[in-house]
Every structure is written in structure tokens, then in C-alpha cells.
Amino acid sequence: MRKMRAEIIAVGTELLLGQIANTNAQFLSQKLAEIGVGVYFHTVVGDNTERLLQVIRLASGRSDLVIFTGGLGPTQDDLTKETLAGHVGIGLETNPEAMERIEKFFSQRGIVMTENNRKQALVLSGSHVFSNDFGMAPGMAIRHDSSAFVLLPGPPSELYPMVENYVMPYLTDLLPEKQVFHSQVLRFYGIGESALEEKLLDLIEKQDNPTIAPYAKEFEVTLRITARAATVEEGEDLILPVEKEILSRVGQYMYGMGENSSLHDVLVSRLKKSNETIACAESCTGGAIASLITSVPGSSQVFRGGVVCYTNEVKNQLLEVPDSILQTDGAVSEKTAQLLAEHVREKLGATYGISVTGVAGPDPSEGKPVGLVYVGIATEGMPTVVKELRLAGRRQAIVGRAAKYALFYALQMQKER
């Protein structure tokens, strides 16, 4: 049976002007892939009735599922449901639940509701309505001829939970074959997307069931393995041998599993389980490592503290890196990174000490190139490890990558200890 073909239409002139990024399309494509629906087209159109109508006509002729984002608000340039209603030849009606939610929103805040806000409660007559738990305009879905149309609000804070809670179950029921789509997410660091793909190319090229989808995000690479099966258990059985083969090739770069795991989440979780602690000495990262760690709830159980040792005086006076080392080897050096990691661990009484010192740019320092970074990882009873990195990109990219490398190397040492 032919795979369902989907298309995503983002409505909003602000998208065309580059004022906001179209993150909704990325999110929706990922969610649709989880249930085996292929997205064949992404379209962005401005707030113009005629151009939107042209896009709708084109999408109706080539896609089984058309998902709109945006254009459901109260203003005159919010045109999505009105334009689609004209195309399919049906009217709009007020949804009582949505109207009640809108009126309650204004009354609770003591604000007079303007008449145009009533427009947000309008839905396509006879449509399936999706509740908006975090906003006012509901979503909706309707079938017409051979296509299904789904209309969603534009703000990601409203769209994401609506999709997770209401739209995905609705779409699953539309599938011609009732199957379970079960996924495993593997998360990697220290290897680029192209390098990872090259090592797994034969698996990716022959994929059918399960499928393997790599994608990069925030300096990391994620692999999603998705199986179609009659039950979750059968899906897991299909995924397991593929997962084992992947890990036999690139397992040294994998740091965690799961949709919402991150380097700092995984590190904090593992340190909690082993009753261990960590401290950091940061030069070029300027506190980025500490910020990532402390963003995790409960990190106070494992994070002893950090020192932003941005100047040589602080490196010397607080963390006791000798002037002779700073003069000969330099602040950006293997020896300095080693001593910073060892001394911050000792002074703050942590199981692990991590340090980062380098040249984030935009200009070289100490005659050393932009992107040269040293990461030190120290713990009692093991030799201190210092990693040399040659990072590319602008200043913030170098800082971000260096901070995450430090977390990754700390995870590696924690595994080996």
C-alpha cells in the first residue's frame, strides 16, 4: 500500500522576512516520521489570500495530508481557516469550548475582550477540533476529497503540546494500516553527522524496517531507529539487532538514549546514581559548563561549584597554576588544563574536576590559533586526561562545543572509573 504523502504549509509573512525561524516544520516532520508518514514538501506562504489559495490548490492535488501552521489568530491577516473554508466550500462556526476558554482568559485578567478575539473560536463546520491547552485558537482537522487538512496555531508553545496530545492520535487513526511505530533514539557526541553517516552508510542505504534517521542538533548527532510492527514488543525485537550493529561501529561516541536526554542531564543522572560530585574550572567557556549542569533539576546533589578563571591572575592565585607554567607553556596549554582540573577538584572536594582553556576568538592569543582548546579531566586514583581540540566556527560556537566536549569527556572518565 502506498505510503501516505504529507505536506507542511507554514503561513506568515514574518517567516518569509526571516523574522522568525520555521521550527514548527522541523518538529512536525520528525513527529510524522515516527508514525511512518513521509513529508514530501515544505511550503512557506505570506499572509495573502490569493497566494495561500494557490498553495492550497497545489497541495490538494499532490498530498494526502496537508498540515497548516499559523494564521488562526484574531487579526485581519490571520487567513488560514477562512481561505481553506472557501476552497473546500464549507462555512465556519463558533466552537463553544474555545469561546468559553477565550472569555475566561480575559475575565480572569480583568481585561476587556475586543470583538476580534471571537474570531479565534471559529472552526471549520464539521471539523474535528483539537483543544488548545496553552493558548486560545483551537486546532482542527477536516477531510475533503482525497486529502486530510490539519490546521494548527503558529506559536510553538501552543503547537507542540497540541500535536503531542491530540494530533498524533488523530493522525495514527488515519493511517491505512493500523501499526505501532516504535522508536529508539541514540545520542552521540564527538563525531560529526557526515562522519557518523559514513560509518553507517550501508545500514542507512538498505534500511526498510526499521528505518534509521540521523540528524544534527546543537553540536550533537542523534540517530532515530523506527520500526513498524503489530506491537511494541515486536518493534523492539526489530530495533535491537540494528542498534547492536550501530553501537559496534560507533558506540564510543554514544553518551545516552532517549528523546529528551542531553549531555548534562545524563552526566548529572549518572553522578547521582554513583554518589559522586563534580567541579569545574573554566577559562574560555566563561561559566557555560556550570550553567549547563545547574540547568538540571537536582544538580545541587552533584555539582560542588566552579571557578571562571578568565585571567592568568585567577589561574595563578585561586587555582595555583605556577607563573612559570603560564609564562612558558601559556594559559592555553596542556599543562595548564591539567593543573586547573586537578586543583579545582582538590579545592572544592569533588570526585571529578574538569577544566577548559582555549582561544575562542575572534583573534589568536599567545600566538595560538582560534579554536585551539584544551579540556582537562581529573579524578582521584586515575591519571589526569587532557584532550586537545581544534574547533571551527565563530566564538559562540567554539564556546558551546568546548563546554559540551568537557561534559562528554567527564562522562567517559566516569564510565571508566
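Since the structure is predicted, the reported quantities are computational estimates derived from the model, not experimental observations.

Student: If you had to explain the overall build of the protein to someone new, which residues and values would you point to?
Tutor: Secondary structure assignment for the protein yields 15 helices and 17 strands. For the protein, the spread of C-alpha atoms along the principal axes amounts to about 80 × 55 × 40 Å. Burial statistics for the protein: of 417 residues in total, 50% are counted as buried. In the protein, the share of contacts with a sequence separation of at least 24, taken over all contacts with a separation of at least 6, comes to 66%. About 19600 Å² of surface is accessible on the protein, with carbon and sulfur atoms providing 49% of the total. In the protein, 40 positive and 50 negative side-chain charges are present, and the distance between their average locations comes to 2 Å.

Student: Can you lay out helix H3 (residues 49-62) for me, pointing to particular residues and giving the numbers?
Tutor: With 14 residues, H3 ought to run about 20 Å at 1.5 Å a step, and its terminal C-alpha atoms sit 20 Å apart, in line with that. Those residues of H3 that fall on the buried side of the exposure criterion are Leu52, Leu53, Val55, Ile56 and Ala59. Down the axis of H3, the sector holding all buried residues measures 160°, keeping them to one side. Residues of H3 that are buried in the fold lie against strand E1 (5-11), strand E2 (38-45), strand E3 (65-69) and helix H4 (80-88).

Student: Go over helix H9 (residues 232-250) with me, naming the residues and quoting the values.
Tutor: Spanning 19 residues, H9 covers 26 Å between terminal C-alpha atoms, matching the ideal 27 Å at 1.5 Å per step. Along H9, the sharpest kink reaches roughly 30°, centred on Ile239 and followed within four residues by the proline Pro241. Buried residues of H9: Gly235, Ile239, Val242, Glu243, Ile246 and Val250, and no others. Residues of H9 that are buried sit in contact with strand E9 (180-188), helix H7 (193-199), helix H8 (201-205), strand E10 (211-217), strand E11 (220-229) and strand E12 (254-257).

Student: Which residues make up the UniProt feature "domain: MoaB/Mog" (unreviewed entry) in the protein, and what are the values?
Tutor: If you check UniProt for "domain: MoaB/Mog" (unreviewed entry), the listed places come out as residues 7-173 in our numbering. Annotation note: span residues 7-173, helix share 42%, strand share 23%, distance between end C-alpha atoms 18 Å.

Student: Describe a negative patch on the surface, naming the residues involved and giving the relevant values.
Tutor: Where like charges cluster on the molecular surface, the negative patch consists of Glu233, Glu234, Glu236 and Asp237. Inspection of the secondary structure assignment puts Glu236 in helix H9. Classification of Glu236 by relative accessible area gives partly exposed; the value is 41%.

Student: Explain the state of the cysteines to me, and be specific about the residues and the numbers.
Tutor: Per the counting criterion, the structure on display carries zero disulfides. Cysteine Cys280 shares no disulfide, and the gap to the nearest cysteine sulfur, in Cys309, comes to 9.1 Å. For Cys280, a relative accessible area of 1% corresponds to the buried category.

Student: Tell me about the side chain of Thr43, and please be specific about residues and values.
Tutor: With respect to the element layout, Thr43 can be found in strand E2. A residue is classified by how much of its surface remains accessible, and Thr43, at 17% relative accessible area, is buried. Separated by 3.4 Å, the side chains of Thr43 and Glu7 make a polar contact. Non-local contacts of Thr43, meaning those with residues more than four positions away in its chain, are made with Glu7, Ile8, Ile9, Ala10, Val55 and Arg62.

Student: Provide a residue-level description of unusual backbone geometry, including the pertinent values.
Tutor: Asn209 connects to Pro210 through a cis peptide bond whose omega is 10°. With respect to the element layout, Pro210 can be found in the loop between H8 and E10. That bond from Gly361 to Pro362 is cis: its omega, 15°, falls within 30 degrees of zero. By the secondary structure assignment, Pro362 is in the loop between strand E15 (352-358) and strand E16 (372-379). In the Ramachandran plot, Asn275 falls in the positive-phi region, its phi being about 55° despite a non-glycine side chain. Note on Asn275: relative accessible area 72%, which makes it exposed.

Student: For the packing of helix H10 (residues 263-273) against helix H15 (residues 395-416), give the residues involved together with the corresponding values.
Tutor: In the contact formed by H10 and H15, the axes pass within 10 Å of each other and the chain directions differ by 30°. One element, H10, and the other, H15, form an angle in the roughly parallel class. Judged by the sense of rotation from one axis to the other, the crossing of H10 with H15 is left-handed. Across the interface between the two elements, Leu263, His264, Val266, Leu267, Arg270 and Leu271 from H10 touch Lys404, Leu407, Phe408, Ala410, Leu411, Gln414 and Lys415 from H15. Residues belonging to the contact of H10 with H15 are distributed by class as follows: eight nonpolar, two polar and three charged.

Student: Requested: an account of the side chain of Glu7, with residues and values cited.
Tutor: Mapped onto the elements, Glu7 comes out in strand E1. Once you skip the residues sitting within four places of it in the chain, Glu7 turns out to touch Phe41, Thr43, Ala59, Arg62, Ser63, Leu65, Val66 and Ile67.

Student: Provide a residue-level description of the packing of aromatic side chains, including the pertinent values.
Tutor: As enumerated under the stated definition, the model contains eight aromatic pairs in all. Judged by centre distance (4.8 Å) and plane angle (75°), the rings of Tyr189 and Tyr405 are edge-to-face. Residue Tyr189 is located in the loop between E9 and H7, and its partner Tyr405 is located in helix H15; the two are separated by 216 residues in the primary sequence. There is no split in this pair, since Tyr189 and Tyr405 are both buried. Taken together through their ring pairs, the aromatic side chains of Tyr189, Tyr405, Phe408 and Tyr409 make up a single cluster. Taking the ring centre of Tyr40 as reference, the NZ or CZ of Arg5 above it sits at 4.2 Å. Across the ring face of Phe41, the terminal group of Arg62 is positioned such that the distance to the ring centre comes to 3.7 Å.

Quick notes on the rules
- Residues numbered from 1 in each chain as written.
- Predicted model: local features only at pLDDT ≥ 70, side-chain atom pairs only at ≥ 80, totals over all residues.
- Heavy atoms only, no water.
- Helix = DSSP H or I, 4+ residues; strand = E, 2+ residues; numbered from the N terminus.
- Buried < 20%, exposed > 50% of the residue type's maximum accessible area, 1.4 Å probe, protein only.
- Contact = heavy atoms within 4.5 Å.
- Areas by Shrake-Rupley, 256 points an atom, 1.4 Å probe, with all protein chains shown as cover.
- Lys, Arg positive; Asp, Glu negative; His and termini not counted.
- Charge placed at Lys NZ, Arg CZ, Asp CG, Glu CD.
- Expected span 1.5 Å × (residues − 1).
- Arc of directions from axis to C-beta.
- Bend = angle between axes of the 7 residues up to and from the residue.
- UniProt positions renumbered as here; feature names shortened; annotations may be inferred.
- Patch = residues over 30% accessible without salt bridge, like charges linked within 9 Å, V, L, I, M, F, W, Y side chains within 5 Å.
- Salt bridge = Lys/Arg side-chain N within 4 Å of Asp/Glu carboxyl O.
- Disulfide = S-S within 2.5 Å.
- Polar contact = N/O pair within 3.5 Å; in protein donor to acceptor, adjacent residues only side chain to side chain.
- Axes fitted to C-alpha atoms, helices over the stretch in contact; angles between N-to-C directions.
- Parallel < 35°, antiparallel > 145°, perpendicular 65-115°, else oblique.
- Left-handed = near helix turned anticlockwise from the far one by under 90°.
- Nonpolar A, V, L, I, M, F, W, Y, C, P; charged D, E, K, R; others polar.
- Phe/Tyr/Trp six-rings, centres within 6.5 Å; stacked < 30°, edge-to-face > 60°.
- Lys NZ or Arg CZ within 6 Å of the ring centre and 35° of its normal.

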